[in-house]
Amino acid sequence: MSTSMPALDTGLHKTRRQYKWWRRSIRNILLGFYALVTLYPLFWMFMSAFKSNADFFANPFSLPQTWNWSNFVRAWEVSGMGKATMNSLFVTFVSLVLTLFFGALTAYIISRFEFRGRGILYSLLLLGLLIPIHSTLVPLFSMMNMMGIFDTHAALILPYTAFELPIAVFIITAYLANIPKEMEEAALVDGAGYTGIFLRLILPITLPALSTVAILGFLRFWNDFAFALVFINDPSLKTLPLSLSVFADGFTTDYSLTMAALSMASLPTIIVYLMFQEQVMKGMAAGSVKG
Amino acid sequence: MRIGTARKLFIGFGLLPSVLLYAVFVVVPVFWSAYYGFMDWKGIGEARFIGFDNYVEALSHDIFWQSLGNNLIVVAASVFGQVPLALLLALLLSQGTWFQRFVRASVFMPMVLSSVVIGIIWSYIYQPQIGLLNGILSFVGLEEWNRAWLSDPSIAMWMIAIPIIWNFIGPYLIMFLAALSSIPQELNDAAAIDGATRTRRLFSITLPMIWDTIKVAIVLCISGSLKAFDLIYVMTKGGPAHATELLASYMYNNTFNVYRYGYGSAVSTLIVIISLLLIAGSQILMRRNNQ
């Protein structure tokens, strides 16, 4: 505005611009400070993971004097993280496949077919999101004992999938609502069965929604602690968060070792987050609105 | 006719796995714990029907009420800490420059970490000898403020509320940003031309326009407060002297440490009832305020 009319760039304009500049600077300094405070605990964790214990005690705030990779090797061995990582990978992967497949199938049927009890089914699914997960620990524990799946991978995979289904169905149904049905109807006329339509049309079309569900599911399954704590006893079946929890009471004096273990366990989710930031943020916000 | 049968079969078999999983692992546990809440049961052997004894015992137990009080502290910290802070950040972050996107991504970052990792990091921050907090206080000359933050029953619960706010603020920020961006710019422009100041516009336009989102956020704070179990388990196990006991940890300890499954089931049921009551109550309260 002032560039087009330089003659009008009077003192009044200058003070207004100065005022604006000051306000923006103060805002950015405040925001930068907040970001720093937020990130510092994580930065501290990664830095401490490279320190020797002596260095950690002497200089808690500074960068490591020497970058020690041996903490990571030791942490990996001491807490059995190799085994735990395999367990986490397996449980997360199977739960994800089940959640995606059955979530998409249910969403497809709910959004494209008229049948009795459809509305009830959908509301019942959404209502389930209000049930506090921790209130199911005790009954699920007893039920799993009776079903004979306590202390197996199934004891995690089945409840993970069941509790993630509502969010999956909700996200995929919302996505399908904006997709025209013409293609499916044309395929039906061409003689394709519903199963074929689901596998060859619906799954590829809903890929964006499926990827959101997959990212949310990955974070939830990979990070879950409560279910693993109650449903898993056998040390060889422990998932990562559970194997880390030994550091909360076991090895508390070996701080840099603990920090190395925490860093390694957090790296996968942080990488996924950095790669899919927008999707993670939007998906988790939407997921928590309905959860 | 044949198409009709194929359709029915597809709907039936398509929904069966999801419905079964959801019913067994999400719906049944609620009724299961309500049922076993009426039993005197050690987890194995005969369950003996004792009527409302468990429920009466819980409701007349000091620690139960203390746990409920602590849950309400978490709710209060979320409603009066998380919501205003997220709103303030959202108001400052409406530009979307790379710096602002960086700040937004940083604020969200803790959401992708396991609660075990968060719990251990914050235990170290609060640790009396090597902890960051005491270190920083000493550094700025406030050494006399140093203390064992988590062992002091009078402040332990409030100290735990801080990582909870830090951890869960991200989704609220994203929700508020989405709500703010949906306010038509013309509205603000028109008000500015009419001479409304920034503050005036904030209270007369912005806040009323996103009031529904604020309501949703408050409901989420209430249901989310029950998720704090993981952090408590890792950081304090409910101690010292039940100072940080939550309903969920109270239930956990009674069930899996002293093997009172009937009693734990009763507490589980109470958790479901209390959380539904709180959510319903907050809805009604805010509907009235809105009129």
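On a predicted model such as this, the values are computed, not experimentally measured, just so you know.

Rules of the game
Residues numbered from 1 in each chain as written. Chains lettered and ligands numbered in written order. Predicted model: local features only at pLDDT ≥ 70, side-chain atom pairs only at ≥ 80, totals over all residues. Heavy atoms only, no water. Helix = DSSP H or I, 4+ residues; strand = E, 2+ residues; numbered from the N terminus. Rg over C-alpha atoms; globule rule 2.2 N^0.38 Å. Buried < 20%, exposed > 50% of the residue type's maximum accessible area, 1.4 Å probe, protein only. Contact = heavy atoms within 4.5 Å. Areas by Shrake-Rupley, 256 points an atom, 1.4 Å probe, with all protein chains shown as cover. UniProt positions renumbered as here; feature names shortened; annotations may be inferred. Buried area = accessible area lost by both parts, 1.4 Å probe. Salt bridge = Lys/Arg side-chain N within 4 Å of Asp/Glu carboxyl O. Polar contact = N/O pair within 3.5 Å; in protein donor to acceptor, adjacent residues only side chain to side chain. Nonpolar A, V, L, I, M, F, W, Y, C, P; charged D, E, K, R; others polar. Patch = residues over 30% accessible without salt bridge, like charges linked within 9 Å, V, L, I, M, F, W, Y side chains within 5 Å. Lys, Arg positive; Asp, Glu negative; His and termini not counted. Charge placed at Lys NZ, Arg CZ, Asp CG, Glu CD. Axes fitted to C-alpha atoms, helices over the stretch in contact; angles between N-to-C directions. Parallel < 35°, antiparallel > 145°, perpendicular 65-115°, else oblique. Phe/Tyr/Trp six-rings, centres within 6.5 Å; stacked < 30°, edge-to-face > 60°.

(A) Fine view of the overall build of chain A. A count of helical and extended segments in chain A gives 15 helices and zero strands. Here the C-alpha atoms of chain A give a radius of gyration of 26 Å, more than 25% beyond the 19 Å that 2.2 N^0.38 yields for 291 residues. Expressed as lengths along the three principal axes of its C-alpha atoms, the size of chain A is roughly 75 × 65 × 35 Å. Across the 291 residues that make up chain A, the buried fraction comes to 51%. Of the contacts made within chain A by residues no fewer than 6 positions apart, 72% connect residues no fewer than 24 positions apart. Of the roughly 13700 Å² of accessible surface on chain A, 69% is carried by carbon and sulfur atoms.

(B) Structural context of the UniProt feature "transmembrane region" (unreviewed entry) in chain B. Residues and elements named next belong to chain B. The positions UniProt marks with the feature "transmembrane region" (unreviewed entry) are residues 9–32, 72–93, 105–125, 155–181, 202–226 and 261–281. Across residues 9–32, the secondary structure splits into 100% helix and 0% strand, with the terminal C-alpha atoms separated by 31 Å. Across residues 72–93, the secondary structure splits into 95% helix and 0% strand, with the terminal C-alpha atoms separated by 30 Å.

(C) Inspection of the UniProt feature "domain: ABC transmembrane type-1" (unreviewed entry) in chain B at higher detail. UniProt marks residues 68–282 of chain B with the feature "domain: ABC transmembrane type-1" (unreviewed entry), using the numbering shown here. What you have in residues 68–282 of chain B is 73% helix and 0% strand, and the ends, taken at the C-alpha atoms, are 16 Å apart.

(D) Layout of the interface of chain B and chain A. Listed by partner, the interface residues are 85 residues for chain B and 88 residues for chain A. On the chain B side of the contact with chain A, Phe10, Phe25 and Tyr124 of chain B bury the most area, a combined 10% of that side's loss. For Arg104 of chain B, the salt bridge identified is with Glu278 of chain A, shortest N-O distance 2.6 Å. Summed over the shared surface of chain B and chain A, the result is 14 residue pairs in polar contact (both at pLDDT 80 or more). Considering each element in turn, the side of chain B that touches chain A owes the most residues, 21 residues, to helix α1 (residues 2–36) of chain B. When the residues that make up the side of chain B that touches chain A are grouped by side-chain class, the tally is 63 nonpolar, 16 polar and six charged.

(E) How the structure looks around a positive patch on the surface. There is a patch of like positive charges on the surface, built from Arg16, Lys20, Arg23 and Arg24 of chain A together with Arg198 of chain B. If one sorts the elements of the positive patch by residue count, helix α1 (residues 11–49) of chain A sits on top with four residues. In this structure Arg24 of chain A comes out as partly exposed when scored by relative accessible area, which is 45%.

(F) Examining the packing of helix α3 (residues 70–78) of chain A against helix α14 (residues 255–275) of chain A more closely. Residues and elements named next belong to chain A. At a minimum axis separation of 8 Å, α3 and α14 run at an interaxial angle of 80°. Taken together, the axes of α3 and α14 lie roughly perpendicular to each other. Facing α3, whose interface residues are Asn71, Phe72, Arg74, Ala75, Trp76 and Val78, α14 presents Ser256, Leu257, Ala260, Ala261, Ser263 and Met264. Taken together, the residues of the contact of α3 with α14 break down into eight nonpolar, three polar and one charged.

(G) Structural context of the UniProt feature "transmembrane region" (unreviewed entry) in chain A. Within this structure's numbering, the places UniProt gives as "transmembrane region" (unreviewed entry) are residues 26–47, 89–110, 122–142, 154–177, 197–219 and 255–276 of chain A. As a span, residues 197–219 of chain A carries 96% helix and 0% strand, and end to end its C-alpha atoms are 30 Å apart.

(H) The packing of aromatic side chains, seen in detail. The final tally for this structure, using the stated rule, is 46 aromatic pairs over all chains. With centroids separated by 5.5 Å and ring planes inclined at 15°, the aromatic side chains of Phe141 of chain A and Tyr261 of chain B adopt a geometry described as stacked. Within this pair, whereas Phe141 of chain A is found in helix α6 (residues 137–147), its partner Tyr261 of chain B is found in helix α13 (residues 261–290), the two belonging to separate chains. Using a relative accessible area of 11% as the deciding quantity, one classes Phe141 of chain A as buried. A relative accessible area of 6% means that Tyr261 of chain B is categorised as buried. Ring geometry for Phe38 of chain B against Tyr55 of chain B: centres 5.2 Å apart, planes inclined by 55°, an arrangement best described as tilted. Taken together, the positions of Phe38 of chain B in the loop between α1 and β1 (39–40) and Tyr55 of chain B in helix α2 (residues 53–59) put the pair 17 residues apart, joining distant regions of the chain. Taking the relative accessible area as the measure of exposure, Phe38 of chain B reaches 23% and is therefore partly exposed.

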